[in-house]
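Below, each chain spelled out in residue letters.
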Number of protein chains: 2
Amino acid sequence: MKNGETAVSKATVSRMPAYLRYLKGEAGKGVEYVSSAAIAKDLGLSAVGVRKDLALVSSRPGKPRFGFEIKLLIEDIEKFLGYHRWTNAVIVGAGGLGRAILAYEGFENYGIHVIAAFDASPAKVGAVGGKPVYPMEQLPEIARRNHIRVAILTVPRSAAQEACDEIVAAGIGAIMNFAPVHLHVPEGVAVKYEDLAVSLAELCGECAGNQI
Amino acid sequence: MKNGETAVSKATVSRMPAYLRYLKGEAGKGVEYVSSAAIAKDLGLSAVGVRKDLALVSSRPGKPRFGFEIKLLIEDIEKFLGYHRWTNAVIVGAGGLGRAILAYEGFENYGIHVIAAFDASPAKVGAVGGKPVYPMEQLPEIARRNHIRVAILTVPRSAAQEACDEIVAAGIGAIMNFAPVHLHVPEGVAVKYEDLAVSLAELCGECAGNQI
DNA sequence: GCACAATCGATAAATTTTTATCGATTCTTA
DNA sequence: TAAGAATCGATAAAAATTTATCGATTGTGC
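Caption draft 1: View of the packing of aromatic side chains. Residues and elements named next belong to chain B. Applying the stated criterion to the full structure yields 8 aromatic pairs over all chains. Ring centres of Y33 and F66 lie 5.2 Å apart, and the angle between their planes is 65 degrees; this geometry places the pair in the edge-to-face category. Within this pair, whereas Y33 is found in strand β1 (residues 33–34), its partner F66 is found in the loop between α3 (47–57) and β2 (68–69), the two being separated by 33 residues in sequence. Under the relative-accessibility criterion, Y33 is labelled partly exposed at 25%. Where Y83 meets Y110, the ring centres are 5.0 Å apart and the plane angle is 80 degrees; that geometry is what we call edge-to-face. Of this pair, Y83 sits in the loop between α4 (70–81) and β3 (87–92) while Y110 sits in the loop between α5 (96–103) and β4 (112–119), and the two are 27 residues apart along the sequence. With respect to burial, Y83 and Y110 carry one shared label: buried.

Caption draft 2: Just the sheet that holds strand β8 (residues 174–177) of chain A, in detail. Residues and elements named next belong to chain A. Read from one edge of the open sheet, 7 strands run β5-β6-β4-β3-β7-β8-β9, paired in mixed fashion. In the strand order of this sheet, the two ends are held by β5 (126–128) and β9 (190–193), each with one partner. When strand polarity is set aside, the average angle formed by the axes of neighbouring strands in this sheet is 25 degrees. Relative to strand β4 (residues 112–119), strand β3 (residues 87–92) is paired through 6 bridges, and the arrangement is parallel. In the sheet register, V92 faces β4, and the bridge partner there is F118. Against the sheet, helix α7 (residues 157–169) touches β3, β7 (148–153) and β8, its axis set at about 175 degrees to β7.

Caption draft 3: Up close: the protein's contact with DNA strand D. Not every one of the 21 residues close to DNA strand D is listed here, only the nearest: A:S36, A:P61, A:G62, A:R65 and B:R15. By atom count, sugar and phosphate contribute 72% of the portion of DNA strand D lying within 4 Å of the protein. Taking A:R51, its side chain carries an N or O atom lying 3.2 Å from a base nitrogen of DNA strand D. In this structure, B:R15 approaches DNA strand D through a side-chain N or O atom, which is 2.9 Å from a phosphate oxygen. If you list the elements that add at least two residues to the surface near DNA strand D, you get α1 (10–28) and α3 of chain B. Among the elements that make up the surface near DNA strand D, the one with the highest residue count is α1(B) (3 residues). Looking at the surface near DNA strand D residue by residue, the class counts come to 8 nonpolar, 6 polar and 7 charged.

Caption draft 4: Seen up close, the relation of the copies chain A and chain B. Overlaying chain A with chain B gives an RMSD of 0.1 Å, the required rotation being 180 degrees about an axis along which the chain moves by 0.0 Å. Expressed as a symmetry operation, the mapping of one chain copy onto the other fits a two-fold axis. A high fraction, 98%, of the interface residues of chain A reappear at the interface in chain B, so the copies pair face to face through one surface.

Caption draft 5: Main features of the interface of chain A and chain B. Taken together, the contact pairs 57 residues of chain A with 56 residues of chain B. Summing both sides of the interface, chain A and chain B together bury roughly 4800 Å²; the carbon and sulfur share of this comes to 68%. The largest contributions to the chain A side of the interface with chain B come from A:R21, A:L200 and A:L203, which together make up 14% of the buried area. Between the two partners, chain A and chain B, sit 0 salt bridges.

Caption draft 6: Representation of a negative patch on the surface. Residues and elements named next belong to chain A. On the surface, a cluster of negative charge is contributed by E137, E162, D165 and E166. With respect to the helices and strands, the residue E137 is situated in the loop between β6 (131–135) and α6 (139–145). With relative accessibility at 63%, the residue E137 sits in the exposed group.

Caption draft 7: Representation of the protein's contact with DNA strand C. Near DNA strand C you find 20 residues, and of these A:R15, B:S36, B:P61, B:G62 and B:R65 are the closest. Contact between DNA strand C and B:S36: a phosphate oxygen at 2.4 Å from a side-chain N or O atom of the residue. Element by element, the count of residues in the surface near DNA strand C is highest for helix α1 (residues 10–28) of chain A, at 3 residues. Residues of the surface near DNA strand C, tallied by class, amount to 8 nonpolar, 6 polar and 6 charged.

Caption draft 8: Region of interest: the packing of α1(A) against helix α2 (residues 36–43) of chain A. Residues and elements named next belong to chain A. At their nearest, the axes of α1 and α2 sit 11 Å apart, and the two run at 105 degrees to each other. Considering their axes alone, α1 and α2 lie roughly perpendicular with respect to each other. Where α1 abuts α2, its residues A18, Y19, Y22 and L23 lie against A38, I39, D42 and L43. Looking at the contact of α1 with α2 residue by residue, the classes come out as 7 nonpolar, no polar and 1 charged.

Caption draft 9: Examining the side chain of A:T12 more closely. Residues and elements named next belong to chain A. Its place among the elements puts T12 in helix α1. Of note is the side chain of T12, whose polar atom sits 2.9 Å from the side chain of D53. Once residues lying within four places of it in the same chain are set aside, the contact partners of T12 are D53 and L56.

Caption draft 10: Spatial organisation of the pairing of β4(A). All names here are of chain A. The buried fraction of β4 is high, at 6 of 8 residues. Summarising the sheet, β4 and β6 pair through 3 bridges and their orientation is parallel. The partner of F118 across the bridge, within β6, is Y134.

Caption draft 11: Geometry of the sheet that holds strand β5 (residues 126–128) of chain B. All names here are of chain B. Read from one edge to the other, the open sheet built from 7 strands follows the order β5-β6-β4-β3-β7-β8-β9, with strand pairing classed as mixed. Each having just a single partner strand, β5 and β9 (190–193) make up the two edges of the open sheet. Pairs of neighbouring strands in the sheet enclose a mean axial angle of 25 degrees, with direction left out of account. Examined bridge by bridge, β5 and strand β6 (residues 131–135) share 3 bridges and lie antiparallel to one another. Bridge pairing in β6 places G126 opposite V133. Its contacts with the sheet place helix α7 (residues 157–169) against β3, β7 (148–153) and β8 (174–177), and it is angled at close to 175 degrees to β7.

Rules behind the numbers
- Residues numbered from 1 in each chain as written.
- Chains lettered and ligands numbered in written order.
- Predicted model: local features only at pLDDT ≥ 70, side-chain atom pairs only at ≥ 80, totals over all residues.
- Heavy atoms only, no water.
- Phe/Tyr/Trp six-rings, centres within 6.5 Å; stacked < 30°, edge-to-face > 60°.
- Helix = DSSP H or I, 4+ residues; strand = E, 2+ residues; numbered from the N terminus.
- Buried < 20%, exposed > 50% of the residue type's maximum accessible area, 1.4 Å probe, protein only.
- Pairing = 2+ DSSP bridges.
- Axes fitted to C-alpha atoms, helices over the stretch in contact; angles between N-to-C directions.
- Contact = heavy atoms within 4.5 Å.
- Near = heavy atom within 4 Å.
- Polar contact = N/O pair within 3.5 Å; in protein donor to acceptor, adjacent residues only side chain to side chain.
- Nonpolar A, V, L, I, M, F, W, Y, C, P; charged D, E, K, R; others polar.
- Least-squares fit on C-alpha atoms with pLDDT ≥ 70 in both.
- Buried area = accessible area lost by both parts, 1.4 Å probe.
- Salt bridge = Lys/Arg side-chain N within 4 Å of Asp/Glu carboxyl O.
- Patch = residues over 30% accessible without salt bridge, like charges linked within 9 Å, V, L, I, M, F, W, Y side chains within 5 Å.
- Areas by Shrake-Rupley, 256 points an atom, 1.4 Å probe, with all protein chains shown as cover.
- Lys, Arg positive; Asp, Glu negative; His and termini not counted.
- Charge placed at Lys NZ, Arg CZ, Asp CG, Glu CD.
- Parallel < 35°, antiparallel > 145°, perpendicular 65-115°, else oblique.

Listed below in structure tokens is the structure:
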């Protein structure tokens, strides 16, 4: 209800990746149409909710008796999520996790180019999986030249805030933070916390319910 | 409102890790008390919401004029999130990401022991960062003997469902899935999707707003 | 010792999100 | 070609969540 553009709730957005994963799986099996009830059942949601979500992003309504056309729906969701707008990203911190992410090739499917990593330690400079690892000092220059908009922060917790400041100083406006630390950033910079341990702990909670 | 135990909303639970990160940061700076208004400002929430959240988990009410005692609050939140119940976990898939997570030491702070990794390829068997990598066949036996409750799945997408089935067959009831695939699991098994690419794409969306 | 300022907790209002109900559409099949 | 079944979309109701308001509490400083 902000001004007149979005009107799509945050909760709906957060379910889109799940739809996308599911639909791609079905498409891979050769299925062409899927009903809201089937999606709801497999994803553990309500059919009405699924219909409402899909109505918001689908360019064509579902067909009665068939359901939604999977191929079309995948395109619509990808478009909605912005996977067609290419974005350049870098990794800051070329330790184990940083190198693993640098070598990961799945980002290309989501409109993201991870072009390089940076590390303060000269020993880490070089290349991983065909992608370069630069010394930290070169971040501002390379970031600006390549229009980097996102940084993936994989340094140890003690180095996180300092690295964060350098990222902000380099003009990068979004940070995906793997360090388990709260980052102080100026207004306008987005931070997403990806604390693996917290995620895992959440899952444990779910799994154990609240029983011993 | 389920029966009479929880009464804590999902939204509240999801904010707890953010509080925890923030409070630990302040504690590290030597601060002893913090007001709901300060937390709200730094975390981009409303002060009333913060008070409501904290009232649900805090063992002692906040002091007027001072705020909440940080040390106590950290304990309460950790207790609430179950970081005191130790849980054993394993990694399935000892590729780059799996090895990076295996070497990561941050889990111990959250009540999680990652005791080993498993891989279908004999070439990967051995040890990483002092922790063993076993062949996949040994998963059922080791899982049962060590009361493993959580598996971290880091295999390539094409192997994900099969590995998932083996995990379930080994009696593990919770899976943290890094493969960008929808997993089919029997009722009662919890799956948490940690799709790095999706997370990153979400962040890009936030960063770009909805402008080009 | 007393007025003041800061903060909390509780109740109430507003908003958002989820769930339910129902008529309309479209394909299948006899 | 007409009846029937499955599914959709829209509207309405219910539930949950967020935000606002207000009196109560507790130190501080004069």
